[in-house]
Number of protein chains: 2
Amino acid sequence: MRLSLIRPSDMHVHFRDGAMLRDVVPQTAAQFRRAVVMPNVPPIETADDARAYERKIREAAGDAAFRPLMTLKLTHRTTPAMIRDARDVAVAAKLYPAGVTTASHDGIGDPDDPGLLAVFEEMQRVGMILCIHGEAPDAFVLDREATYLDVVRRIVGRFPGLKVVMEHITTAASARYVEEEAPARIAATITVHHLVHTLDDVIGKGGIRPHHFCYPVPKRPEDLRALRRAAFHSTSGRIFFGSDTAPHPKGAKESACGCAGVYSAPVALPTLVELFLESGREDAIRRLEAFASTNGPRFYGLPVDESDTISLEDGPWTVPAEMGGVVPFRAGETIPWRVA
Amino acid sequence: MRLSLIRPSDMHVHFRDGAMLRDVVPQTAAQFRRAVVMPNVPPIETADDARAYERKIREAAGDAAFRPLMTLKLTHRTTPAMIRDARDVAVAAKLYPAGVTTASHDGIGDPDDPGLLAVFEEMQRVGMILCIHGEAPDAFVLDREATYLDVVRRIVGRFPGLKVVMEHITTAASARYVEEEAPARIAATITVHHLVHTLDDVIGKGGIRPHHFCYPVPKRPEDLRALRRAAFHSTSGRIFFGSDTAPHPKGAKESACGCAGVYSAPVALPTLVELFLESGREDAIRRLEAFASTNGPRFYGLPVDESDTISLEDGPWTVPAEMGGVVPFRAGETIPWRVA
């Protein structure tokens with residue numbers, strides 16, 4: 001069996017740099033129309049940084065049709081002028097609370113800092129999207145996302161023209177906020193691993209699994225259910241796919257202090273097909289198109305080319321145990337779909 | 001500075017077998033008067049198993065004063081006759097719910113099984129203590145202990161003469177149950193790592209830390225506070241120290257699926273001194289004696305020899321990064337107390 005869908009866009013990826021970048025970019029470029037590229041490794045703070053990084057990614061992609069969408073990292077060094085300068089090269093800027101995850105030590109300490117508010121003001125003016133890693137670093141690990149919702153609410157209330165993406169949401173509370181409370185200019189991405197895992201898959205199934213570990217950590221079964229409900233059934237157009245694919249070398253995961261990040265790019269799309277088909281909806285593939293192919297670009301104000309499609313075929317595929325020194329999501333599992 | 005306390009007893013240890021046993025037993029024997037030895041690795045199901053294992057431990061201890069207290073592992077094979085036969089060699093029998101932790105696949109599936117109830121009946125008759133790893137394996141990892149409390153309540157209600165130790169409790173709910181609800185024949189052990197860690201220390205501080213991973217997993221900050229309150233301040237005599245020290249080779253921890261267990265024996269006593277002194281109680285060392293030296297043996301009906309003491313001295317001690325291929329609790333940390 002074969003099925004076809006509008007070529008998806010991955011609205012949240014980590015491409016890293018150097019040899020790692022050259023290994024991982026082609027995986028995303030082969031399957032996705034676009035990818036929103038996170039700016040933490042290497043740090044992308046200026047228009048020039050973004051242009052140079054975009055060039056590297058395009059070279060590595062080897063597919064002229066693939067379009068990396070660049071973002072800026074917000075730090076205490078960011079100024080309104082830097083936003084203005086980058087308006088043509090960066091679609092978004094990313095807020096990392098300081099210390100919240102990989103390479104975020106120089107992220108935002110005080111979300112009410114006047115300098116930062118001036119930056120948000122300029123983003124609002126030029127139409128640059130604000131992407132938020134919404135976790136309060138000082139809160140208990142399971143409460144960080146819920147705690148940071150108050151900061152998100154404050155930013156959203158202060159800047160009535162700012163578009164905001166809450167990245168990789170993991171809780172029922174965040175899904176409820178986007179779907180029931182927030183204005184239409186607020187959206188959220190959901191990863192594929194957060195549609196599969198709870199905390200049980202990290203520390204609850206007979207061992208501790210660093211390859212399932214990321215920030216935000218996956219939460220409770222009821223949170224997983226709420227995320228699936230949003231991904232499979234939402235019609236708001238404001239819930240869309242961002243894999244947060246984040247490769248680390250195997251040795252940096254299987255260690256006394258393993259890094260946060262799940263490398264899902266090679267297996268994200270087949271897994272999404274599997275999940276949506278299991279959702280029981282008759283229009284599962286059309287729902288998947290909304291989630292993975294059209295909602296994200298539309299929210300970003302980008303065209304959707306319905307004639308550009310990708311095919312998947314059934315037949316078991318065993319995910320490699322390792323790809324370029326990185327252990328991918330679902331390594332070693334035999335899964336029912338693969339990209340044709 | 002030097003301080004002295006009645007030599008403590010560790011009411012919950014894992015000694016393993018072979019070379020590992022010969023490495024770890026002397027660490028415990030050098031500091032503790034006794035240790036209650038868990039029966040899962042190697043499996044100890046009969047009186048003969050217990051006698052043979054006790055011999056190995058005594059040989060490895062190299063200290064004739066150290067007394068291993070043996071336990072039986074309850075499985076579907078356990079009979080009342082096996083309990084009767086073991087009454088002189090085993091002080092307790094251990095209930096592992098099937099699949100709940102390391103080497104528990106043949107543990108107890110149905111806690112209401114008539115054969116098991118006959119075993120409990122016999123334990124009650126001969127005065128053998130029931131030690132319980134109180135987690136419901138099928139529940140979400142953070143709910144397992146709270147869910148299993150109902151099973152504990154049922155056992156306690158059914159056998160009014162059975163003494164029960166809830167091992168390594170990790171929640172405010174369990175502490176409350178023992179202190180406020182349960183009859184006087186119910187006690188609980190608390191480990192040293194559960195007096196230091198929350199889940200943040202496993203997955204919440206910038207990485208995933210397999211050497212801090214055990215079952216039950218440490219829980220929330222309010223649970224840590226409740227455990228500390230019980231350890232530092234309880235006067236019931238039914239809260240006592242069991243380290244659950246559980247060595248695994250470094251490679252079995254730093255892996256794609258790391259084993260559960262914290263190897264705390266070498267550092268448990270200095271850490272307890274540090275914690276109790278920080279509790280702010282003027283009688284901190286007397287409280288530590290109750291927790292670590294007298295409550296446990298008294299609950300087990302064993303004599304306490306107040307003239308047998310151990311000394312600790314201050315002055316920084318850097319915990320080795322590795323001991324016999326195992327990464328100990330607080331590896332590499334410089335801590336303020338050491339055994340003299």
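In what follows, the accompanying structure is described. (Residues numbered from 1 in each chain as written. Chains lettered and ligands numbered in written order. Predicted model: local features only at pLDDT ≥ 70, side-chain atom pairs only at ≥ 80, totals over all residues. Heavy atoms only, no water.)

### Describing the interface of chain A and chain B
Taken together, the contact between chain A and chain B spans 30 residues of the former and 30 residues of the latter. Roughly 2,500 Å² is buried in total at the junction of chain A and chain B, and carbon and sulfur atoms are behind 64% of that figure. When the buried surface of chain A facing chain B is broken down by residue, Phe140(A), Ile203(A) and Ile208(A) rank first, second and third, together holding 28% of it. Taken together, the connections running from chain A to chain B amount to four salt bridges. Asp200(B) is the partner of Arg144(A) in a salt bridge, and the nearest nitrogen-oxygen pair spans 3.2 Å. (Contact = heavy atoms within 4.5 Å. Buried area = accessible area lost by both parts, 1.4 Å probe. Salt bridge = Lys/Arg side-chain N within 4 Å of Asp/Glu carboxyl O.)

### Some details on the pattern of salt bridges
Under the defined criterion, the tally for this structure stands at 52 salt bridges over all chains. Here Arg158(A) makes a salt bridge to Asp112(A), at a shortest N to O gap of 2.8 Å. Taken as a pair, Arg158(A) in helix 5 (residues 144–158) and Asp112(A) in the loop between strand 5 (90–95) and helix 4 (114–126) lie far apart in primary sequence, 46 residues in all. Residue Arg158(A) is classed as partly exposed on the basis of its relative accessible area of 41%. Overall, Asp112(A) belongs to the partly exposed group, its relative accessible area being 27%. Close ionic contact of Glu333(B) with Arg330(B) constitutes a salt bridge, the shortest N to O distance being 3.0 Å. (Helix = DSSP H or I, 4+ residues; strand = E, 2+ residues; numbered from the N terminus. Buried < 20%, exposed > 50% of the residue type's maximum accessible area, 1.4 Å probe, protein only.)

### A short note on the sheet that holds strand 8 (residues 186–190) of chain A
All names here are of chain A. Read from one edge to the other, the open sheet built from eight strands follows the order 2-3-4-5-6-7-8-9, with strand pairing classed as parallel. At either margin of the open sheet sits one strand with a lone partner, and together these are strand 2 (10–13) and strand 9 (239–241). If you compare each strand with its neighbour and ignore which way they point, the axes differ by 30° on average. Of the pairings in the sheet, the one linking strand 3 (residues 34–37) to strand 4 (residues 67–73) comprises four bridges and is parallel in character. Directly across from valine 36, in strand 4, lies its bridge partner leucine 69. (Pairing = 2+ DSSP bridges. Axes fitted to C-alpha atoms, helices over the stretch in contact; angles between N-to-C directions.)

### Overview of the packing of aromatic side chains
The description of an aromatic ring pair uses the distance of the two centres, along with the angle that the planes make with each other. Applying the stated rule across the entire model yields 20 aromatic pairs over all chains. Aromatic pair Phe213(A) and Tyr215(A): ring centres 5.1 Å apart, planes at 75°, arrangement edge-to-face. Of the two residues examined, Phe213(A) and Tyr215(A), each falls in the buried class. On the numbers, 6.0 Å between centres and 50° between planes, the contact of Phe241(B) with Phe291(B) is tilted. Here Phe241(B), found in strand 9 (residues 239–241), pairs with Phe291(B), found in helix 11 (residues 284–299); they are 50 residues apart in sequence, far enough to count as distant. Its relative accessible area of 0% is what places Phe241(B) among the buried residues. (Phe/Tyr/Trp six-rings, centres within 6.5 Å; stacked < 30°, edge-to-face > 60°.)

Shape descriptors only; they carry no functional weight alone.
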